[in-house]
Amino acid sequence: MGSTNPAFMNGVPELLILRLLRSREMYGYEIVQAIREETDDVVSLGEGVVYPLLHALERGGALISRRAVVNGRSRIYYALSPRGASRLTELTGLWSRLTQALQQVMKGDGYAEGV
Amino acid sequence: MPREFDLLRERLLRAGVGGAEARRYIAELGDHLDDLLTEERQAGRSPAEAHSHAMQRLGDADALAEAMIARREFRAWSARAPAATYLVAPPVILAVTTALWMAALVGAVTWLRGHTAWGPEDWPARIRPVADGAAWFSNTALSVLLGWGLAASAIRARAPLMWPMLGLIVLAVVGAVLQVGVTLPVGGAPGEINLGSGPGGAPFGLSGYWGRFAFNFAATATPYALVHLLRATYRPRSQS
């Protein structure tokens, strides 16, 4: 399991979850495995802690959930709502500006503009 | 379901997380654990190893609890605003329920007047049991029933003793003071249903404001305190 630094993780799980759910609905276990696969295990969460975030996103209107029985097991599937899609666009833009600014600083090209 | 989840649920409830949120979280963790166990078993691990690895991947107890407790939006109203939940809401509910009960009585009498051929002399005999029952329900049973509801809600929410006890005191006071009076129609004079304050009577020969208060409080606080004490004594403990 890859280790993560919580100080750099602020907002990252939210962005990843919204991005993953953009294409299809998933249940919690699927989401966590998808995060591990898509990030080559660089981002790996204590798997259970994804649920409070999913519940908070749903409460905030970014996600919608539905219960479905698959292979005899009841699962809660999460999907992106229109509000979640807007939030994803906003977070993606913010993240792009932040990474550009950090790269600029790391390369030593001078001070970055405010993000 | 692993014992760890029982401990986690207790910890969440005691920290003020709402019951529905805690239940859903535990249920999803249980489903997730099942998926992890399947994956670990398919990877060739023994059941004991699979369980150990799965629990490790799920997250340690502190992280799982803190992830939920840190989010204020999951806190129950009884934890966010205990004074409003236990002190203000129950007397308001008692007053509203009493008003609705009186309205229902007035509606029933009005309906009977229009749909029966009872003469003035028939009314006392026919509706006395109902009138007595209605008055007893309002003046004796209602505040006790609401007190039991408050106690059950506090126990489910694992609320600390203080606020629910204060709530039961307030409810007992309001229940002792509020009194619904039912006057039967006699000899053509109309009957009357009124709400006021009065010492009235309570079971076991208790009467007067103090008697009614003592009955209301004892009937609600005693079972609540006993269940609270039992829960505190037998709360789940870790196996270590």
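The text that follows walks through the structure, step by step, so that each part is easy to find. (Residues numbered from 1 in each chain as written. Chains lettered and ligands numbered in written order. Predicted model: local features only at pLDDT ≥ 70, side-chain atom pairs only at ≥ 80, totals over all residues. Heavy atoms only, no water.)

Details of the side chain of Glu40 of chain B
For clarity, the threshold we go by: Numbered from the N terminus, helices here are DSSP runs of H or I no shorter than four residues, and strands are runs of E no shorter than two. Between two residues, a contact is recorded if the distance between any of their heavy atoms is within 4.5 Å.
Relative to the elements of secondary structure, Glu40 of chain B occurs in helix α2 (residues 19–42). Once you skip the residues sitting within four places of it in the chain, Glu40 of chain B turns out to touch Arg45, Ala50, His53, Ala54 and Arg57 of chain B.

Some remarks on the packing of helix α7 (residues 123–156) of chain B against helix α9 (residues 208–233) of chain B
All names here are of chain B. Keep this limit in mind: Note on geometry: axes are lines fitted to C-alpha atoms, helical ones only across the stretch in contact, with angles between N-to-C directions running from 0 to 180 degrees. In this scheme, roughly parallel covers angles under 35 degrees and roughly antiparallel covers those over 145, while 65 to 115 is roughly perpendicular and the rest are oblique. Here a crossing is called left-handed whenever its near helix is offset anticlockwise from the far helix by less than a right angle, and right-handed whenever the offset is clockwise.
One can describe the packing of α7 onto α9 by two numbers: an axis separation of 10 Å at closest approach and a directional angle of 20 degrees. Taken together, α7 and α9 sit at an angle that is classed as roughly parallel. When you trace α7 past α9, the crossing you get is right-handed. For the pair α7 and α9, the contacting residues are Asn139, Thr140, Ser143, Val144, Gly147, Trp148, Ala151, Ala154 and Ile155 in the first and Arg212, Phe215, Asn216, Ala219, Thr220, Pro223, Tyr224, Val227 and Arg231 in the second.

Some remarks on the interface of chain B and chain A
Formally: What gets called buried area is simply the loss in accessible area from a 1.4 Å probe that two parts show on being joined, summed for both. When a carboxyl oxygen of Asp or Glu lies within 4 Å of a side-chain nitrogen of Lys or Arg, that pair is called a salt bridge. Identification of polar contacts relies on pairs of N or O atoms within 3.5 Å, with a donor-acceptor requirement for protein atoms, meaning one able to donate a hydrogen and the other able to accept it, and with residues adjacent in sequence counted only if both atoms are side-chain atoms. Here the term charged refers only to Asp, Glu, Lys and Arg, the term nonpolar to Ala, Val, Leu, Ile, Met, Phe, Trp, Tyr, Cys and Pro, and the term polar to all other amino acids, Gly among them.
If you look at the interface, chain B gives 21 residues, while chain A gives 25 residues. Summed over both sides, the interface of chain B with chain A buries roughly 1900 Å², with 51% coming from carbon and sulfur. Linking chain B with chain A are 6 salt bridges, by the criterion used here. Here chain B is connected to chain A by 16 residue pairs in polar contact (both at pLDDT 80 or more). Mapped onto the side of chain B that touches chain A, the elements with two or more residues apiece are α2, α3 (47–58) and α4 (61–69) of chain B. For the side of chain B that touches chain A, the element with the most residues is α2 of chain B, which contributes 11 residues. Residues of the side of chain B that touches chain A, tallied by class, amount to 9 nonpolar, 1 polar and 11 charged.

A look at the pattern of salt bridges
For the record, the criterion: Burial status follows relative accessibility: with a 1.4 Å probe on protein chains alone, a residue under 20% of its type maximum counts as buried, one over 50% as exposed, and anything between as partly exposed.
Counted according to the given criterion, the structure contains 21 salt bridges over all chains. In this structure, Arg24 of chain A engages Glu30 of chain A in a salt bridge whose closest nitrogen and oxygen atoms are separated by 3.3 Å. Of the charged contacts, one joins Arg57 of chain B and Glu40 of chain B as a salt bridge, the two residues approaching to 3.0 Å between their closest N and O atoms. Here Arg57 of chain B is found in helix α3, whereas its partner Glu40 of chain B is found in helix α2, with 17 residues between them in sequence. Judged by its relative accessible area of 8%, Arg57 of chain B falls in the buried class. Note on Glu40 of chain B: relative accessible area 6%, which makes it buried. Connected through shared salt-bridge partners, Arg36 and Glu47 of chain A together with Glu39, Glu40, Arg45 and Arg57 of chain B make up one network.

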